[in-house]
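# Descriptive analysis of the structure
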Amino acid sequence: MSKIEIRDLTKSYDGTLNILEKISLDVEEGEFYVLVGPSGCGKSTLLRIIAGLEKITSGTLKIDGKLANNMLPKDRNLSMVFQNYALYPHMTVKDNILFGLDVKKVPKDEQKRRLDEAAEMLGLTPYLKRKPRELSGGQRQRVALARSVCSQSPICLMDEPLSNLDAKLRGQMRTEIRRLQKKLGLTVIYVTHDQVEAMTMGDRIMVLHGGKIQQTGTPLELYNKPANTFVAGFIGSPQMNLVQAKRVGSTLVLGDSVTLPLSGEEIANLPQGNQWQIGIRAEQIEPASTGTEGVCRVKVVNTEMMGNETQVLFEVGDALFTARWTGQYLISIGSDLAVHLSANDFHFFDAEKGTLIRPALHIKGRAALSA
């Protein structure tokens, strides 16, 4: 049985504009389920509906097999971690963590046991007598998590809990939240606009745009077989390179500016038609020497040295492509550069609808480890 089951859920505030439209999903017990999408796509509204903080316009919501459309929030047996921590400034860390357990009439000795366990787990034991203003952002976030852990609710809803933290701390907290979720066996629904968080934390990801589901799947399914150009451009860092392309004889012309010679194998693998929108991941574009197969000449617009890798940016028609190469490449801006492209590495999308026609036939770096 699914922990959370939603069927044909629609949400509208004015009866005209749908904030969410025909949303259906199943979240399994113990799953880390991520809702991702740009600001205003409806992901936080969907989370608030599950929490009981927003009413459903139409459709059904079931929690543990029970219809929850009109169920009170207190009866849903879930906890929620907010973006702004939602801590009481006049209360100590201890009292913030235990807040709500008195309402549930949890015995004092049980409260102390839960407090000690959660504080130890999250490294908060030395801070129990402090007020929130005396804590760093990461410590406040851990207090909010500890409060959720203490509630021992089997379902935890998280609404962009890491967006106020710096990059280093976000990385640490991603690992900590995932570790806690696995240790406690929680069912987590996690809302974020950060596709890095979605890719690194989720068992499954739902991509929302304009209140509609674009695609649902595992992180690698979305990365390797994006359903449309929106998912292709949203999932992945840097995002997938996208440009219009057309076949002219035994060549593929990209953006009316770059001509790619096609081998017999590549021609045989092309989808039907002569015009598409194509996408290629940054790691699939490789440096090349003149005279080898699949070489294109491009002009370098910029380079970004990351230390462990170099990102090279160049124009293809009106599009700006990014190539990601392991190592340090000293390349002058404005110079001509030979890069290797293969049509077998391209994702082909319908030129008008943007839907996927054929995914890339080769995934760079895919390997299996055996003990």
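Bringing the overall build of the protein into the picture now. Along the protein, the regular secondary structure elements total nine helices and 21 strands. With the C-alpha coordinates aligned to their principal axes, the bounding extent of the protein is approximately 75 × 45 × 45 Å. Buried positions account for 49% of the 371 residues belonging to the protein. Contacts in the protein between residues far apart in sequence, at least 24 positions, make up 65% of those at least 6 positions apart. If you sum the accessible surface of the protein, you get close to 18100 Å²; carbon and sulfur atoms cover 50% of it. Taking the average location of the 45 positive side-chain charges in the protein and that of its 41 negative ones, the two points are 7 Å from each other.

On to the pattern of salt bridges. This structure, assessed with the given rule, holds 16 salt bridges. When the shortest N-O distance is used, the salt bridge between Arg113 and Glu117 registers 3.8 Å. Of the two residues, Arg113 and Glu117 are both situated in helix H3 (residues 108-121); the distance of four residues between them amounts to about one turn of the helix. Glu286 serves as the salt-bridge partner of Lys364, at 3.2 Å between the closest nitrogen and oxygen. Of this pair, Lys364 sits in the segment after strand E21 (356-358) while Glu286 sits in strand E15 (residues 286-287), and the two are 78 residues apart along the sequence. When its relative accessible area of 39% is taken as the criterion, Lys364 is described as partly exposed. Among the charged side chains, a salt-bridge network with shared partners connects Glu110, Arg113, Arg114 and Glu117.

Judged by nonpolar contacts, the single largest core of 46 residues is most densely connected at Ile97, Leu124, Met158, Ile177 and Tyr190. A total of six residues in this core trace back to one element, the largest contributor, which is helix H4 (residues 137-151). Setting aside its immediate chain neighbours within four residues, Leu124 contacts Ile97, Ala119, Gln139, Arg142, Val143 and Ala146. The next biggest cluster of nonpolar side chains, apart from the first, holds 29 residues, and it includes Leu252, Val258, Phe321 and Ala343.

Taking 1.5 Å of rise per residue, the 18 residues of helix H5 (residues 167-184) would be expected to cover 26 Å, and the 26 Å separating its terminal C-alpha atoms lies within 8% of that figure. What H5 keeps buried is the set Leu169, Met173, Arg174, Glu176, Ile177, Arg178, Leu180 and Gln181. Buried-residue contacts for H5 involve strand E3 (32-36), H3, H4, strand E7 (155-159), strand E8 (187-192) and helix H6 (195-201). Directly beyond the C-terminal end of H5, a positive phi value near 70° is found at Gly185.

Attention now moves to the packing of aromatic side chains. Scanning all chains against the criterion turns up seven aromatic pairs. Here Phe32 and Tyr190 contribute two aromatic rings whose centre-to-centre distance is 5.6 Å and whose plane-to-plane angle is 40°, an arrangement assigned as tilted. In this pair, Phe32 sits in strand E3 while Tyr190 sits in strand E8, placing the two residues 158 residues apart along the sequence. Judged on exposure class, the residue Phe32 and its partner Tyr190 are both buried. Consider the rings of Trp325 and Tyr329, whose centres lie 5.2 Å apart with planes at 65°: the pair is edge-to-face. On the basis of relative accessible area, Trp325 is assigned to the buried category, the value being 4%.

Position of Glu197 relative to the elements: it lies in helix H6. Spatially, the C-alpha atoms of Glu197 and Asp8 are 27 Å apart, while their sequence positions differ by 189 residues. With near-sequence residues (within four places) excluded, Glu197 lies in contact with Leu162, Arg170, Arg174, Tyr190, Thr192 and Gly202. There is a polar contact of 3.1 Å between the side chain of Glu197 and the side chain of Thr192.

On to H3. Given a rise of 1.5 Å per residue, 14 residues ought to cover 20 Å, and the 20 Å separating the end C-alpha atoms of H3 matches this to within 8%. Every buried residue of H3 is accounted for by Gln111, Arg114, Leu115, Ala118, Ala119 and Met121. Around the axis of H3, the buried residues are gathered within 160° of arc, so they sit on the same side. Along H3, exposed side chains directed more than 90 degrees from the buried face belong to Asp109, Lys112 and Glu120. Structurally, H3 contributes buried residues whose contacts are with helix H2 (93-98), H4 and H5.

Relative orientation of the contacting elements H4 and H5 amounts to 15°, with a least axis distance of 11 Å. Considered as vectors, H4 and H5 are oriented roughly parallel to each other. For H4 against H5, the interelement crossing comes out right-handed. Here H4 contributes Gly137, Gly138, Gln141, Arg142, Leu145 and Val149 to the contact with H5, which in turn contributes Leu169, Met173, Ile177 and Leu184. For the contact of H4 with H5, the residue count by class is six nonpolar, three polar and one charged.

Here is what the cut-offs are and how they apply
- Residues numbered from 1 in each chain as written.
- Predicted model: local features only at pLDDT ≥ 70, side-chain atom pairs only at ≥ 80, totals over all residues.
- Heavy atoms only, no water.
- Helix = DSSP H or I, 4+ residues; strand = E, 2+ residues; numbered from the N terminus.
- Buried < 20%, exposed > 50% of the residue type's maximum accessible area, 1.4 Å probe, protein only.
- Contact = heavy atoms within 4.5 Å.
- Areas by Shrake-Rupley, 256 points an atom, 1.4 Å probe, with all protein chains shown as cover.
- Lys, Arg positive; Asp, Glu negative; His and termini not counted.
- Charge placed at Lys NZ, Arg CZ, Asp CG, Glu CD.
- Salt bridge = Lys/Arg side-chain N within 4 Å of Asp/Glu carboxyl O.
- Core = buried A, V, L, I, M, F, W, Y, C linked by side-chain atoms within 4.5 Å.
- Expected span 1.5 Å × (residues − 1).
- Phe/Tyr/Trp six-rings, centres within 6.5 Å; stacked < 30°, edge-to-face > 60°.
- Polar contact = N/O pair within 3.5 Å; in protein donor to acceptor, adjacent residues only side chain to side chain.
- Arc of directions from axis to C-beta.
- Axes fitted to C-alpha atoms, helices over the stretch in contact; angles between N-to-C directions.
- Parallel < 35°, antiparallel > 145°, perpendicular 65-115°, else oblique.
- Left-handed = near helix turned anticlockwise from the far one by under 90°.
- Nonpolar A, V, L, I, M, F, W, Y, C, P; charged D, E, K, R; others polar.

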